[in-house]
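Geometric and topological summary
Chain by chain, the residues:
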Amino acid sequence: MTELRHRGAKDEEPTLEQQASEDKGSDSELKAEKDGMSDTESKPDTGVPEVPVPADDTPEVLNKALSGLSSRWKNWWVRGILTLAMISFFFLIIYLGPIVLMMIVLIVQIKCFQEIITIGYSVYHSYHLPWFRTLSWYFLLCVNYFFYGETVTDYFFTLVQREEPLRILSKYHRFISFALYLTGFCMFVLSLVKKHYRLQFYMFGWTHVTLLIVVTQSHLIIHNLFEGMIWFIVPISSVICNDIMAYMFGFFFGRTPLIKLSPKKTWEGFIGGLFATIVFCALLAYVMAGYRYFVCPVEFNNDLNSFQVDCEPSELFQLQDYALPSVLQSLTGWSTVKLYPFQIHSIALSSFASIVGPFGGFFASGFKRAFKIKDFANTIPGHGGIMDRFDCQYLMATFVNVYIASFIRGPNPTKVIQQLMALRTDQQLHIFNALKVHLIEKGLLPALEEIIA
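This is a predicted model, so every value here is computed, not measured. (Residues numbered from 1 in each chain as written. Predicted model: local features only at pLDDT ≥ 70, side-chain atom pairs only at ≥ 80, totals over all residues. Heavy atoms only, no water.)

Focus on empty space enclosed by the protein
With the rule as written, the count across this model stands at one cavity of 30 Å³ or more. By volume, the largest cavity amounts to about 100 Å³. Lining the largest cavity are 13 residues, with Phe 132, Leu 135, Phe 188, Gln 200 and Met 203 positioned closest to its centre. Put simply, the parts of the chain that give the lining of the largest cavity at least two residues each are helix H6 (132-155) and helix H10 (197-226). The residue makeup of the lining of the largest cavity, split by class, is nine nonpolar, four polar and no charged. (1 Å grid on protein atoms, 1.4 Å probe; cavity = no way out; pocket = protein on both sides within 12 Å on 5 of 7 lines; lining within 4 Å. Points joined across faces, edges and corners; volume = space filled by probe spheres on them. Helix = DSSP H or I, 4+ residues; strand = E, 2+ residues; numbered from the N terminus. Nonpolar A, V, L, I, M, F, W, Y, C, P; charged D, E, K, R; others polar.)

Looking at the environment of Leu 135
Mapped onto the elements, Leu 135 comes out in helix H6. Residue classification places Leu 135 among the buried residues on the basis of a relative accessible area of 5%. Sequence separation of Leu 135 and Thr 207 is 72 residues, and the distance between their C-alpha atoms is 8.8 Å. Contact partners of Leu 135, with chain neighbours within four places excluded, come to Gly 184, Met 187, Phe 188 and Ser 191. (Buried < 20%, exposed > 50% of the residue type's maximum accessible area, 1.4 Å probe, protein only. Contact = heavy atoms within 4.5 Å.)

As for the state of the cysteines
Evaluated as defined, the whole model comprises one disulfide. Residue Cys 296 pairs covalently with Cys 311 via a disulfide, S to S 2.1 Å. For the disulfide bridge between Cys 296 and Cys 311, the dihedral angle about the S-S bond is near -95°, and by the sign convention the bridge is left-handed. Residue Cys 296 is located in the loop between helix H13 (292-295) and strand S3 (299-301), and its partner Cys 311 is located in the loop between strand S4 (306-308) and strand S5 (320-323); the two are separated by 15 residues in the primary sequence. Under the relative-accessibility criterion, Cys 296 is labelled buried at 0%. Overall, the relative accessible area of 22% leaves Cys 311 in the partly exposed class. Residue Cys 241 stays outside any disulfide, its sulfur separated by 6.1 Å from that of Cys 281, the closest cysteine. Cys 241 gets classed as buried once you look at its relative accessible area, which sits at 10%. (Disulfide = S-S within 2.5 Å.)

Quick look at unusual backbone geometry
Positive phi, close to 80°, is recorded for Lys 195, a residue that is not glycine. One can find Lys 195 in the loop between helix H9 (173-190) and H10. Classification of Lys 195 by relative accessible area gives partly exposed; the value is 43%.

Looking at the layout of surface pockets
Roughly 790 Å³ of volume is contained in the second largest pocket. Lining the second largest pocket we find 31 residues, and of these Phe 226, Glu 227, Pro 297, Glu 299 and Asn 412 sit closest to its centre. Listing elements by their share of the lining of the second largest pocket, those giving two or more residues are H6, H10, S3, helix H17 (386-408) and helix H18 (413-421). For the lining of the second largest pocket, the leading source of residues is H18, giving four residues. Among the residues forming the lining of the second largest pocket, the class breakdown is 16 nonpolar, nine polar and six charged.

Thoughts on the nonpolar core
The biggest cluster of nonpolar side chains holds 75 residues, and the ones touching the most others in it are Ile 230, Trp 231, Phe 232 and Phe 342. For this core, the element with the most residues is H10, which contributes 11 residues. Each residue touching Phe 342, except ones within four places of it in the same chain, is listed here: Ile 230, Trp 231, Val 234, Ala 285, Leu 316, Phe 317 and Leu 349. (Core = buried A, V, L, I, M, F, W, Y, C linked by side-chain atoms within 4.5 Å.)

Geometry only, nothing functional implied.
Given below as structure tokens:
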């Protein structure tokens, strides 16, 4: 018995040592991070690996043409020329119609996701975390399947009900989406490696936050587009205008720093961009509100099997008289002015784009400073990556979607009829009788019968 006790004690000692060594091993990858956190009081983020800085990819033609200029003015011309090129491309895709716009939104979403995930991979690539990029792209596929499936079911309900395979996919869409995500979740758990647990969970969180920021917002952009192209073009144009005008005012008149995260941002640029954006969006809204192509919701025509943008414009896009305040009446000599109600909404959209929208850029600046990088990528010379151009757009997309749901959108009779047509005959009769009783109680049905008689 004594020997057994001695043996048991001897057997326990290695086990405890093993457990201690395992605890050491599981926390070893965070040792540098803890040291880095303690050092942050004296020096910034010394424990964070640096992302390789991309080389200057300015086209050789521009480099030669602008070789005699200072770096400040050279950057100004490069940004200006590329900005004009991007604006021209924006006009082109608007001309090509809503389907092309949706495809461009999807492409931009994938590129933004790739840029953010690449930063994560570059930071932690030395740890050789298994399946990180594979799982990241798999989760992107799952989330897109879920969101776009919801959109197809919502906006193409009649088409989905007409085709048997689509009807089955639509019926079990959420279950399929959950099963796909659950598969990726199990794959992640199986990929966990000893001594890298926390890092792997960091990257798991990194992927999901990226999905939340990029995929969810791009889905909202497409929803805004379905409400009418004007709800897509005006918000995006307001952010672009504010970015350009804030840069111009800051470049020529900027003296007072605005925020430490972006040292080049100035109060002069911020205020100048605000007023310029409000005026620009009010004028743009006035021009666009007169065209059905821009104001009508994007709908699917079941007879033609294609998208159509044609409707009777709502009151939001019809000129109305507005009384001017007495001060403006004395200055202008006008008592009333004709405006589209949408122009009033455009002031709210442009104000958000100018006051709150830049915080999306400040957030991105803080993110880049945390990893000691200048830009997310070098896709666009003088501008950085695609994410550098869309950091404010995603925040704007959420605001527009919430704004439409809160102040604009009402019940949609077309969708109600589509859902009624998908019901069984007895269900349709039940709804018909309930609606008939309701109309008789309100005194509307007898009046209609008298007109028919």
